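The chain contents come next:
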Number of protein chains: 2
Amino acid sequence: MNNDQLVRVTRYFRTLNRLKTIGLERVFAHNLADAAGVSAATVRKDFSQLEIHGQKRGGYDLLELLAALGELLGKGDSQNCIIIGCGRIGRALMHYSGFEQDGIKVVAGFDSDPLVYSDSSHPVPVYPLSRIDEVVQARDVKVGILTVPEQAAGDSYERLLASGVTGVLNFTPVTIKAQVQKDGRMPVVHNINIALELEQIFYELKFPKGSE
Amino acid sequence: MNNDQLVRVTRYFRTLNRLKTIGLERVFAHNLADAAGVSAATVRKDFSQLEIHGQKRGGYDLLELLAALGELLGKGDSQNCIIIGCGRIGRALMHYSGFEQDGIKVVAGFDSDPLVYSDSSHPVPVYPLSRIDEVVQARDVKVGILTVPEQAAGDSYERLLASGVTGVLNFTPVTIKAQVQKDGRMPVVHNINIALELEQIFYELKFPKGSE
């Protein structure tokens with residue numbers, strides 16, 4: 001799957017999970033198209049390319065489709081992640097319930113501040129950074145969300161990789177470039193730089209594209 | 001400027017602001033290159049393309065360079081923004097101090113819940129949604145950050161555009177596609193879908209690029 005198709009398949013998968021909770025048993029390309037903001041022809045083309053076939057009577061069996069897309073998205077595996085840095089943004093993400101419908105689970109948070117990790121009011125356990133290796137192994141953690149202050153970004157990233165995590169969603173303003181590790185692993189890093197996004201919006205408002 | 005160059009120029013600008021607070025008066029391409037993670041040759045090429053010239057003695061006058069880059073980035077104008085939806089993520093962004101060094105100012109928050117907007121402990125004033133037009137005009141607000149629940153995304157977006165805001169940073173899981181408005185304005189919308197980013201990281205870990 002290319003990136004655009006992956007985005008669409010993720011949307012179909014999410015929509016199907018919702019339709020399942022509503023009690024639907026059969027869905028049509030049009031249902032998924034509406035929810036994903038694409039045409040029914042695009043849905044059918046995606047499924048045809050992915051070798052997913054409909055029913056003779058028309059439409060798709062919801063559970064079969066969900067299973068097929070889940071397999072394509074690697075849903076059988078652990079989708080456990082941890083949050084490094086439990087400041088305001090880290091804590092907001094801990095409480096965010098939007099991941100669950102994708103099967104993504106935040107299993108723990110980590111912080112260097114004893115006041116933070118000794119506070120038991122968090123929705124998931126929060127540990128001192130020294131326990132990261134232990135938790136990553138015990139919970140088969142694949143991805144770390146980096147929400148530490150800028151000056152701690154580099155160290156925390158190295159700490160994550162050393163623990164065995166190879167997927168990183170980086171919210172710090174430091175852009176992290178993934179490099180092949182000594183053991184041959186290639187980390188997958190996505191950077192979300194909120195200040196830079198705002199900066200680009202202000203810039204595009206001032207100098208609209210195509211007006212240069 | 002293309003997007004890559006814009007990202008670099010934003011980094012140079014941010015670095016210069018920091019060097020200024022340290023008391024530097026002259027900077028060299030190498031200084032900016034180190035901080036921005038590019039080569040000195042790239043810095044010089046950027047400045048040459050942007051018609052920014054160094055001093056005869058070598059290096060650049062820090063204040064002159066800051067002014068020139070600021071003008072290119074549209075820094076003379078208002079960079080005021082507001083936050084729509086003061087839940088955990090909205091409140092975390094209200095407290096985030098990383099915008100200030102770019103001259104971006106969060107001037108107010110908006111929420112539909114009286115318990116939220118009557119609470120005076122926020123770092124910026126929080127108003128009911130009904131006062132959005134008034135605040136946008138009074139503070140010359142250009143950009144709105146959308147951190148409302150998914151089901152309120154569409155309405156809040158329309159409300160923002162109606163108030164005169166044309167830049168939107170959308171944190172809701174609903175992807176917003178900018179469309180030309182009746183008055184001819186073209187909104188600038190950036191979507192940050194945190195769940196989707198995580199989803200993509202899990203997918204790339206399972207099916208590494210180039211292994212298909």
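Nothing here was measured: the structure is a model prediction, and the numbers come from that model. Per chain, the residues get numbers from 1 upward, laid out in the order the sequence is written. All chains are assigned letters beginning at A, and all ligands numbers beginning at 1, according to the order in which they are written. Where totals are concerned, whole chains, interfaces and linings use all residues; where local detail is concerned, this predicted model gives features only for residues with pLDDT of at least 70, and gives and counts side-chain atom pairs only at 80 or more. Side-chain numbers here rest on the full set of heavy atoms in the structure, without hydrogens or water.

A. Quick peek at the sheet that holds strand β6 (residues 143-146) of chain A. All names here are of chain A. With parallel pairing, 6 strands are arranged side by side in an open sheet as β5-β4-β3-β6-β7-β8. The sheet is open, and its two borders are formed by β5 (126-128) and β8 (188-191), each paired with just one other strand. In this sheet, adjacent strand axes meet at a mean angle of 25° when their direction is disregarded. Bridge analysis of strand β3 (residues 80-84) against β6 gives 4 bridges, and the strand direction is parallel. Bridged to Ile 84 within β6 is Leu 146. The pairing criterion is simple: DSSP has to find at least two bridges between the two strands. In DSSP terms, a helix is any run of H or I states spanning at least four residues, a strand is any run of E spanning at least two, and both are numbered starting from the N terminus. Axes here refer to lines fitted to C-alpha atoms; in helices the fit is confined to the stretch in contact. Angles between the N-to-C directions go from 0 to 180 degrees.

B. Geometry of the interface of chain B and chain A. At the junction of the two partners, chain B supplies 60 residues and chain A supplies 60 residues. Summing both sides of the interface, chain B and chain A together bury roughly 5,400 Å²; the carbon and sulfur share of this comes to 65%. Buried area adds together the accessible area that both of two parts lose upon being put together, with accessible area traced by a 1.4 Å probe. Per-residue buried area on chain B facing chain A is highest for Glu199(B), Phe202(B) and Tyr203(B); these three make up 13% of the total on that side. The salt bridge criterion pairs a side-chain nitrogen of Lys or Arg with a carboxyl oxygen of Asp or Glu, the two atoms within 4 Å. Between chain B and chain A we count 0 salt bridges in total. Here a polar contact means two N or O atoms within 3.5 Å. Within protein one must be a hydrogen donor candidate and the other an acceptor candidate, and residues neighboring in sequence count only if both atoms are side-chain atoms. The interface formed by chain B and chain A holds 8 residue pairs in polar contact (both at pLDDT 80 or more) in total. Contact between two residues is taken to exist if any of their heavy atoms lie within 4.5 Å; hydrogens are not considered.

C. Just the pattern of salt bridges, in detail. Counting across every chain of the model gives 10 salt bridges over all chains. When the shortest N-O distance is used, the salt bridge between Arg185(A) and Asp183(A) registers 2.9 Å. Between buried and exposed lies partly exposed: a residue is buried under 20% and exposed over 50% of the maximum accessible area for its type, with that area taken using a 1.4 Å probe on protein chains only. Judged by its relative accessible area of 53%, Asp183(A) falls in the exposed class. In this structure, the salt-bridge partner of Asp140(B) is Lys142(B), at a minimum N-O distance of 3.2 Å.

D. Summary view of helix α9 (residues 194-206) of chain B. Given the number of residues in a helix, its expected span is that number minus one, multiplied by 1.5 Å. A rise of 1.5 Å per residue sets the reference length of α9(B), with its 13 residues, at 18 Å; its end C-alpha atoms lie 19 Å apart and thus fit the reference within 8%. Most of α9(B) sits out of view: 10 of its 13 residues are buried.

E. Layout of the pairing of strand β7 (residues 167-170) of chain B. Residue and element names in this part refer to chain B. Of the two faces of β7, the one lined by Gly 167 and Leu 169 and the one lined by Val 168 and Asn 170 are each fully buried. The pairing of strand β6 (residues 143-146) with β7 spans 4 bridges and is parallel. In the sheet register, Ile 145 faces β7, and the bridge partner there is Leu 169. Viewed along the sheet, the connection from β6 through helix α8 (residues 153-163) into β7 turns out right-handed. Every crossover in which the path from the first strand over the helix to the second runs clockwise, viewed with the strands pointing away from the viewer, is termed right-handed.

F. Structural view of the domain arrangement of chain A. Domains are outlined according to an automatic or database domain assignment. On domain assignment, one finds that chain A holds domain 1 (3-72) and domain 2 (80-197). For domain 1 of chain A and domain 2 of chain A, the distance between their C-alpha centres works out to 31 Å.

G. Just the state of the cysteines, in detail. Cysteine sulfur atoms are paired as a disulfide whenever they come within 2.5 Å of each other. For the structure shown, the criterion picks out 0 disulfides over all chains. As a non-bridged cysteine, Cys81(A) has Cys86(A) as the owner of its nearest cysteine sulfur, 12 Å distant.

H. Structural detail: the sheet that holds strand β4 (residues 105-111) of chain B. Residue and element names in this part refer to chain B. If you walk across this open sheet you meet the 6 strands as β5-β4-β3-β6-β7-β8, and the pairing is parallel. Of all strands in the sheet, those with a lone pairing partner are β5 (126-128) and β8 (188-191), marking the two edges. Direction aside, neighbouring strands of the sheet carry axes that sit 25° apart on average. Sheet strands in contact with helix α5 (residues 88-95) are β3 (80-84), β4, β5 and β6, and its direction is about 155° off that of β3.

I. Local environment of unusual backbone geometry. All names here are of chain A. Of note, Glu 51 is a non-glycine position whose phi angle comes to about 60°, a positive value. By secondary structure assignment, the location of Glu 51 is in the loop between α3 (40-49) and β2 (60-61). Of note in the backbone geometry, Asp 140 takes a positive phi value of approximately 50° without being a glycine. In this fold, Asp 140 is placed in the loop between α7 (132-139) and β6.

J. Examining the relation of the copies chain B and chain A more closely. The fit set for superposing copies consists of C-alpha atoms from residues with pLDDT of at least 70 in both; the fit itself is least squares. Superposition of chain B onto chain A requires a rotation of 180° combined with a translation of 0.0 Å along the rotation axis, giving an RMSD of 0.1 Å. Overall, the copies show the geometry of a two-fold rotation axis. Take the interface residues of chain B: 100% of them recur as interface residues in chain A, which is what a same-surface contact looks like.

K. Highlighting the confidence of the model for chain A. Residues with a pLDDT of 70 or more make up 99% of chain A, whose mean pLDDT is 89. Predicted complex, confidence summary: ipTM 0.80, pTM 0.79. Every residue gets a pLDDT, meaning the predictor's confidence in that residue, from 0 to 100.

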